[in-house]
Amino acid sequence: MGKSIPQYLGQLDICKSVVSLATGAGAIYLLYKAIKAGIKCKPPLCSNSPICIARECPVPGERALPQEAPAPEASAVGGPKGLAVERERHRRDSGELRRLLNSLERKQDEYAKSMILHSITRCVYLLEAEASACTTDDIVLVGYMLDDRDSSVKTQALNTLKAFSGIRKFRLKIQEHAIKVLELISTIWDVELHVAGLRLLNNLPLPDYVHPQLRRVMPALMEILQSDNILAQVQAIRLLSYLAQKNDLLYDILNCQVHSNFLSLFQPTQPGSLLYEVLVFAERLSEGRNAPHYRAVKWHYNEQSLHESLFGAETRLADRLLALVIHPEEDVQIQACKVIVSLQYPQDLRARSSTCQSSHSYFKNTE
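Residues numbered from 1 in each chain as written. Predicted model: local features only at pLDDT ≥ 70, side-chain atom pairs only at ≥ 80, totals over all residues. Heavy atoms only, no water.

## Description of the side chain of His327
- Summarising the element assignment, His327 is placed in the loop between α18 (317-324) and α19 (330-344).
- Not counting residues within four places of it along the chain, the set of residues in contact with His327 comprises Pro268, Leu275, Val332 and Gln333. (Helix = DSSP H or I, 4+ residues; strand = E, 2+ residues; numbered from the N terminus. Contact = heavy atoms within 4.5 Å.)

## Side note on the pattern of salt bridges
- Inspection of the entire model under this criterion finds 11 salt bridges.
- One salt bridge connects Asp147 with Lys180, and the closest N-O pair in it is separated by 3.0 Å. Separated by 33 residues along the polypeptide, Asp147 in the loop between α7 (136-144) and α8 (151-164) and Lys180 in helix α10 (residues 178-187) bring together distant segments of the chain.
- We classify Asp147 as exposed; its relative accessible area is 54%. (Salt bridge = Lys/Arg side-chain N within 4 Å of Asp/Glu carboxyl O. Buried < 20%, exposed > 50% of the residue type's maximum accessible area, 1.4 Å probe, protein only.)

## Quick look at the packing of α8 against helix α11 (residues 191-202)
- Here α8 crosses α11 at 20 degrees, and the two axes come no closer than 9 Å. Classed by the angle they form, the pair α8 and α11 counts as roughly parallel. Note that α8 runs across α11; the crossing there is left-handed. Contact residues: α8 offers Ser151, Lys154, Thr155, Leu158, Asn159, Leu161 and Lys162, while α11 offers Glu192, Leu193, Ala196, Gly197, Arg199 and Leu200.
- A breakdown of the residues in the contact of α8 with α11 according to their chemical character gives five nonpolar, four polar and four charged. (Axes fitted to C-alpha atoms, helices over the stretch in contact; angles between N-to-C directions. Parallel < 35°, antiparallel > 145°, perpendicular 65-115°, else oblique. Left-handed = near helix turned anticlockwise from the far one by under 90°. Nonpolar A, V, L, I, M, F, W, Y, C, P; charged D, E, K, R; others polar.)

## A word on the environment of Pro212
- Mapped onto the secondary structure, Pro212 falls in helix α12 (residues 211-225).
- A relative accessible area of 38% places Pro212 in the partly exposed class.
- Sequence separation of Pro212 and Ile179 is 33 residues, and the distance between their C-alpha atoms is 9.6 Å.

## Description of the environment of Val339
- Within the secondary structure, Val339 sits in helix α19.
- Expressed as a C-alpha distance, the spacing of Val339 and Phe281, which sit 58 residues apart in the sequence, is 9.3 Å.
- Those residues within four positions of Val339 in sequence are excluded, and the remaining contacts are Leu279, Ala282, Glu283 and Leu321.

Any functional reading would require information that these geometric values do not contain.
In structure tokens, the structure reads:
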């Protein structure tokens, strides 16, 4: 009332300074409280949860040790007790793998089971001695997880079985799950599950009693091969290449229905890893169909079969192979040449002839 504008502006500046000081003091006080709380903070109590087990917590109910500064513990080598991997290096059992397997026996939700299985897989790869000390009962326990309703649990169980399959004494027991694995691959359309299941199968010798199931899932394997996931495609083609060497499965593979654009798998733009595996597959199919015992039978193929796509009268495979001979990757070049040779020379003729007979050239007939 009656004050000039400069007087009002002066009062406003004073108010701003007071507020600024108050705000700064409040911020400093809050920072002090936060630091004090952090110093007095105690780690959470340990429990039987998968996280505590994976972190190697002490007895449930005690305080967890800080992750960055594990408590020193006397060891046989005169130093503090370190990570499980370090103890493994000094041939001491950390007990981590056994604790994880024991926790898997208890009722857990899907997330916990998936997490535990992932940790078990890690331990099997890193703790060789502890993994070798496991029993077939542990394999059976992991195998039960393949029946879980959750797809991620199934996938982690497949990864765990793959890890255990690297230990010779467990392979026969893991083979017993082969039919179940094939069923999962053919009935659940999940890329991660496909990759995990196929990696497991590719790491096992598949017994003859599995062949009937393999025939039933052949269309599913061919669909995975023609999908758009490179990891799944590579694993599928590796399995099919292995099966193509089985006399009783060769016709089932060749007569399997494929998409009209199947030869796109031979395009130079495909990743080199996939191209190489596809070419190995083509070579084995070519050698198999040219074997004397196979040619002794008159086989009939459907119009959309793999055989017609690769070896039929209207195939364009020759053009694709010629383009791959100049591929940037040497492995692809060499394998493309092997396929060309196998197409031009059946096995029985290759043993008797060292020169190319142009009248019998596959490429001349298909151009």
